Amino acid sequence: MILRKLLAFCLTAWLPAWAVAQESAIDSTLLFPVTTDTVTLAWPQNVQAKLDNLVGQPLLQTSQLGMMVYDLTADSTIYAYNHRQTMRPASVMKLVTAITALQRLGGNYQLRTSLSHTGTVEGHTLWGDLVCSGSCDPCFEHSDLVGFASSVRQLGIDTICGTVRAERSERDTLKWGEGWCWDDKNPTLASLLVGRKPYFVEQLRHELERDSVVFVYSPETTNGQRTTVCQQTHTIDQVLLRMMKESDNLYAEALFWQLALTARNTTPRTDEARRCVKQLISSLGLNVADYRIADGSGLSLYNYVSPELLVRLLRYAYQQPAIRSHLLFSLPIAGTDGTLMKRMTGTPADGNVRAKTGTVTGISSLAGYCTAANGHELCFCIINQGVLRGSDGRQFQDSVCAALCE
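Residues numbered from 1 in each chain as written. Predicted model: local features only at pLDDT ≥ 70, side-chain atom pairs only at ≥ 80, totals over all residues. Heavy atoms only, no water.

### What about the packing of helix H4 (residues 93-105) against helix H10 (residues 307-319)?
Our working definition: Every axis corresponds to a line fitted to the C-alpha atoms, with the helix fit spanning only the stretch in contact, and the corresponding angles, defined between N-to-C directions, vary from 0 to 180 degrees. Under the DSSP-based scheme used, a helix requires at least four consecutive residues in state H or I and a strand at least two consecutive residues in state E, with every element numbered from the N terminus. If you view the pair so one helix is near and one far, a crossing is left-handed when the near helix is turned anticlockwise from the far one by less than a right angle, and right-handed when it is turned clockwise. We call two residues in contact whenever any of their non-hydrogen atoms come within 4.5 Å of each other. We call Asp, Glu, Lys and Arg charged. Ala, Val, Leu, Ile, Met, Phe, Trp, Tyr, Cys and Pro are nonpolar, and the rest, Gly among them, are polar.
At a minimum axis separation of 10 Å, H4 and H10 run at an interaxial angle of 35 degrees. For H4 against H10, the interelement crossing comes out left-handed. Here H4 contributes Leu 95, Val 96, Ile 99 and Gln 103 to the contact with H10, which in turn contributes Leu 310, Leu 313, Leu 314, Tyr 316 and Ala 317. Grouping the constituent residues of the contact of H4 with H10 by class yields 8 nonpolar, 1 polar and no charged.

This is the structure we're talking about:
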């Protein structure tokens, strides 16, 4: 036993740290077992050295970096660099929206689009209007609209003495989000959408007329009690999957709007959605005055968050099984799918990293989860700001992820 301890001391004192780590990884070649504490202590030091080397790259002489890496298993920070610096997150903002929505709405939440009628049905005639109401469901497609028209015909209606109209909300007055650039490919914001377009009423009337329903002008509009004709729903998972995997801005803004719709005793307004996000931030022990929440997608130039905030949200989500399962399911996987399909291939991060990407002019970001070589679960946030070429930021982020996973 004394000889074994003496040999252990000599090895750790004279061999380079990387050699000791390599020896300890191969149990069959060890003269004595290495304790778990030895591996745990050596691993962060090696990672920190690799990240220090990456932070010294010429890229950061002409741009800014905010980065934080947290060991979820050991409950400790591994690396922090400008982690409290407020920066524009680009589409990493979708993580903020997703986690807030899952926390507030729950994993069983559904987006609903409804069709009802006023007045009465006498024989084959509806003496009233068809009324459409929705919650900005981005999943609603033309096939769903055809189903609405079929539901009207199934009631035996072939004549409508009225019209088709829609319930409007603040969503229908906002063509763009706050801080969006006019020359971006901005999504259309509306309470009622068909295949991402706002022409819901026109298309429904067209489908009814194709199905031999006749509209007869009526000078009187009935605004009384309504009778539900049909509803179409889509799950929050359906929204999250495209919002995160493909970084779809419309889907993110639709989910952001759900927060406003579910705020109690208020008229749905964008400020209500922001208030929901701020309440979650405050509950995590952070000062909401240190950040700026403008939209749900990250398109806005007015969003300002920090790597520390993103990591704190990722930690919170990981600790909540009801949130974690839905979030992990939706995140792109490195080298496999979504916006990470062609990234990190052939590296230790391939198939390991699950993270949300972000790209706008001058900004490249990445935040999510990975598993380290020692089996520890990590979360991280990397924001490269002021980069002239987004590819430079992505290459830096991929190198960081490879260092975390190898």
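Having seen it, we continue.
### Some words on the confidence of the model for the chain
Where the model shows low pLDDT, its predicted coordinates should not be examined in detail. Spelled out, the test is: pLDDT: the predictor's confidence for each residue, scored from 0 to 100.
Of all residues in the chain, 87% attain a pLDDT of 70 or more, and the chain-wide mean is 87. Confidence over residues 1-40 falls short of pLDDT 50; this stretch has 18 contacts with residues more than four positions distant or in other chains.

### Considering the side chain of Thr 100
Quick note on the threshold: Each residue is assigned to one of three classes by its accessible area relative to the maximum for its type, calculated with a 1.4 Å probe on protein chains only: buried under 20%, partly exposed between the two thresholds, exposed over 50%.
Mapped onto the fold, Thr 100 is located in helix H4. The buried category is assigned to Thr 100, whose relative accessible area is 1%. Each residue touching Thr 100, except ones within four places of it in the same chain, is listed here: Leu 259, Cys 276, Val 277 and Leu 280.

### Things to note about the environment of Arg 242
Of note, Arg 242 is situated in helix H7 (residues 236-245). Given the relative accessible area of 37%, Arg 242 is considered partly exposed. For the pair Arg 242 and Ser 330, spaced 88 residues apart in sequence, the C-alpha separation works out to 7.7 Å. The contacts of Arg 242, once residues within four sequence positions are left out, are Arg 196, Ser 247, Asp 248 and Tyr 251.

### Some thoughts on the packing of aromatic side chains
For any pair of aromatic rings, the description rests on two quantities: the centre-to-centre distance and the angle between the ring planes. Which entries qualify depends on this criterion: Aromatic contacts are taken between Phe, Tyr and Trp rings whose centres are within 6.5 Å, Trp giving its six-membered ring; a plane angle under 30 degrees counts as stacked, one over 60 as edge-to-face, and the others as tilted.
Inspection of every chain in the model, using the stated rule, returns 4 aromatic pairs. Between Phe 140 and Phe 148 the ring centres are 5.4 Å apart and the planes differ by 75 degrees, which places this aromatic pair in the edge-to-face class. Accessibility classification places Phe 140 together with Phe 148 in one group, the buried group. When the centroid spacing of 5.8 Å and the interplanar angle of 35 degrees are considered together, the rings of Tyr 318 and Tyr 369 count as tilted. Pair noted here: Tyr 318 is in helix H10 and Tyr 369 is in strand S12 (residues 363-371), with a separation of 51 residues, a long-range link.

### Re the pairing of strand S6 (residues 130-134)
Applicable threshold: By the convention used here, strands pair only if DSSP detects at least 2 bridges between them.
Across the 5 residues of S6, 4 count as buried, placing the element largely inside the fold. Where strand S3 (residues 110-117) meets S6, 5 bridges bridge the pair, whose relative direction is antiparallel. By the bridge assignment, Leu 115 is partnered in S6 with Cys 132. Across 3 bridges, S6 lies against strand S8 (residues 164-166) in parallel orientation.

### Some words on the pattern of salt bridges
How we decide: Counted as salt bridges are all cases of a side-chain nitrogen of Lys or Arg within 4 Å of a carboxyl oxygen of Asp or Glu.
All told, the structure shown has 18 salt bridges when counted by the stated rule. With a shortest N-O distance of 4.0 Å, Arg 315 and Asp 75 are connected by a salt bridge. Here Arg 315, found in helix H10, pairs with Asp 75, found in the loop between strand S1 (64-71) and strand S2 (76-81); they are 240 residues apart in sequence, far enough to count as distant. Across the pair Arg 343 and Asp 398 runs a salt bridge, and its minimum N-O distance is 2.8 Å. Of this pair, Arg 343 sits in the loop between helix H11 (321-330) and strand S11 (354-360) while Asp 398 sits in helix H12 (residues 390-405), placing them 55 residues apart in sequence. Accessibility expressed as a relative area gives 9% for Arg 343, which makes it buried.

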